Amino acid sequence: MEIRQATARDIPALARFMAKLNHNPAHHVGYCGADWREVRGDIGEFGLPVDKSFVVLEAQGQIRGVLGFDPDAERAWIWGPFITVQPWLPAAQALWAAMLPLLPRSITRLDFFYDLANSNALTLMNCFGAKETSREVILRATRSSISRSPVVGSVGDLPLQLEARFIQLHDSLFPGTYYSGQEILCRRNHLRRLLTCTDGAELNGYIYLEAEPESGGGSLEYIGVKPSARGRGIGLALLTSGLDWLFSFASIDKLRLCVNVENQAAIRLYQRAGFAVDRNLFAFRLFRTGPRTG
């Protein structure tokens, strides 16, 4: 067996190898998809080319292991290890040692995301001394699984005269989040929609979604209900209206959400709308201060 850096010509084979293993909870990595075309597209959008972000374990000309990372300025999301040889742990440590020199020096934080059933990866995290940061639930819904909810108030696009109230509500519900209320207003287009529930001049809640019809997916970015308006079914009405819009794109047939396991109220809301629990995952974080490899 040998370990080498990946090349651009490896991308289709890497994508097929990782996607195939990712169907199995015992190998599952939360950042990676289970459709090889999706995985191939994701790799193509990484901040570094594949030869600078992936290493490959080969035996007799066949891929037997893969490990890589998706970099940001100071952070990297770790893809793998995906390994089919035994013993697993020494192979993982060898891949890790080969990948570490590829990490830019600016990256100080490494994030990992593994299925609860991926016991090998959880053992590796223990060897590294990585810190568990959260436990997440993956929820999935299909076009046919979505339930309908009666509309409470008026659900539709945000009236111009309520834009200031929306900004105030969003920024109070999600302070310091990745999109401010003003940024959401600026992002709106035919693939990014903000739906609101209003009652006369009152803004009771909203949902912001982004459709990706080319990849067959979509995302629910934010859903919020004014505290004084909760308990009236507004969240469920907004959610089902938003899902109706996403599924209006013919190419979108399934949706995936990640929710912290402690947010049981949100999980119940999504389940009432037709989502079902698909996976349970652990998130880990490691700072680059010399992880233990033995």
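Residues numbered from 1 in each chain as written. Predicted model: local features only at pLDDT ≥ 70, side-chain atom pairs only at ≥ 80, totals over all residues. Heavy atoms only, no water.

**Focus on the packing of aromatic side chains**
Per the counting criterion, the structure on display carries eleven aromatic pairs. In this arrangement the basic side chain of Arg16 is found over the ring face of Trp36, its NZ or CZ atom lying 3.7 Å from the centre. (Phe/Tyr/Trp six-rings, centres within 6.5 Å; stacked < 30°, edge-to-face > 60°. Lys NZ or Arg CZ within 6 Å of the ring centre and 35° of its normal.)

**Concerning the sheet that holds strand E10 (residues 217-225)**
As summarised here, the arrangement of the four strands in space is E7-E8-E9-E10, forming an open sheet in which the pairing is antiparallel. On the outer flanks of this sheet lie strand E7 (154-157) and E10, each paired with one strand and no other. If you compare each strand with its neighbour and ignore which way they point, the axes differ by 20 degrees on average. Against the sheet, helix H5 (residues 163-173) makes contact with strand E8 (192-199), strand E9 (202-212) and E10, and its axis sits at roughly 75 degrees relative to E9, the strand it touches most. Against the sheet, helix H7 (residues 234-246) contacts E7, E8, E9 and E10, and its axis sits at roughly 30 degrees relative to E9. (Pairing = 2+ DSSP bridges. Helix = DSSP H or I, 4+ residues; strand = E, 2+ residues; numbered from the N terminus. Axes fitted to C-alpha atoms, helices over the stretch in contact; angles between N-to-C directions. Contact = heavy atoms within 4.5 Å.)

**Some words on helix H8 (residues 264-273)**
Buried residues of H8: Ala266, Ile267, Leu269, Tyr270 and Ala273, and no others. Looking down the long axis of H8, one finds its buried residues gathered within 160 degrees of arc, a one-sided arrangement. Among the exposed residues of H8, those oriented more than 90 degrees off its buried face are Ala265 and Arg272. On the buried face of H8, the contacting elements are strand E6 (131-142), E10, H7 and strand E11 (254-260). (Buried < 20%, exposed > 50% of the residue type's maximum accessible area, 1.4 Å probe, protein only. Arc of directions from axis to C-beta.)

**Some remarks on the pattern of salt bridges**
Inspection of the entire model under this criterion finds 15 salt bridges. Where Arg4 meets Glu58, a salt bridge forms, and the shortest distance between an N and an O atom there is 2.8 Å. Pair noted here: Arg4 is in strand E1 (residues 2-5) and Glu58 is in strand E2 (residues 54-59), with a separation of 54 residues, a long-range link. Classification of Arg4 by relative accessible area gives partly exposed; the value is 22%. For Glu58, a relative accessible area of 14% gives the class buried. With a shortest N-O distance of 2.8 Å, Asp278 and Arg140 are connected by a salt bridge. Residue Asp278 is located in strand E12 (residues 276-287), and its partner Arg140 is located in strand E6; the two are separated by 138 residues in the primary sequence. Of the residues examined, Arg140 reaches a relative accessible area of 33% and is grouped as partly exposed. (Salt bridge = Lys/Arg side-chain N within 4 Å of Asp/Glu carboxyl O.)

**Side note on the environment of Ser248**
By the element assignment, Ser248 lies in the loop between H7 and E11. Note on Ser248: relative accessible area 52%, which makes it exposed. The spacing of Ser248 and Glu74 is 174 residues in sequence and 38 Å in space, taken between C-alpha atoms.

**Re the packing of helix H1 (residues 11-22) against helix H2 (residues 36-44)**
Contact geometry for H1 and H2: axes closest at 8 Å, N-to-C directions at 125 degrees. Classified by the angle their axes make, H1 and H2 are oblique. Of the two elements, H1 crosses H2, and the hand of that crossing is right-handed. When H1 is examined against H2, the residues Ile11, Pro12, Ala15, Arg16, Met18 and Ala19 are found in contact with a partner set consisting of Trp36, Val39, Arg40 and Ile43. (Parallel < 35°, antiparallel > 145°, perpendicular 65-115°, else oblique. Left-handed = near helix turned anticlockwise from the far one by under 90°.)

**A word on the nonpolar core**
Grouped together as the largest cluster of nonpolar side chains are 49 residues, with contacts concentrated most on Met18, Phe54, Trp96, Leu110 and Phe112. Among the elements that make up this core, the one with the highest residue count is H1 (seven residues). Among the nonpolar cores identified, the runner-up in size contains 32 residues, and Leu238, Leu239, Leu243 and Tyr270 belong to it. (Core = buried A, V, L, I, M, F, W, Y, C linked by side-chain atoms within 4.5 Å.)

**Considering the state of the cysteines**
Counting across every chain of the model gives zero disulfides. Looking at the unpaired Cys32, the closest cysteine sulfur is the one in Cys258, lying at 15 Å. (Disulfide = S-S within 2.5 Å.)

**Let's talk about the sheet that holds E11**
If you walk across this open sheet you meet the eight strands as E1-E2-E3-E4-E5-E12-E6-E11, and the pairing is mixed. Here the strands that pair on one side only, and so sit at the sheet edges, are E1 and E11. Each strand axis lies, on average, 25 degrees off the axis of its neighbour in the sheet, ignoring direction. Across six bridges, strand E3 (residues 62-71) lies against strand E4 (residues 75-83) in antiparallel orientation. Bridge assignment links Gly68 to a residue of E4, and that residue is Trp79.

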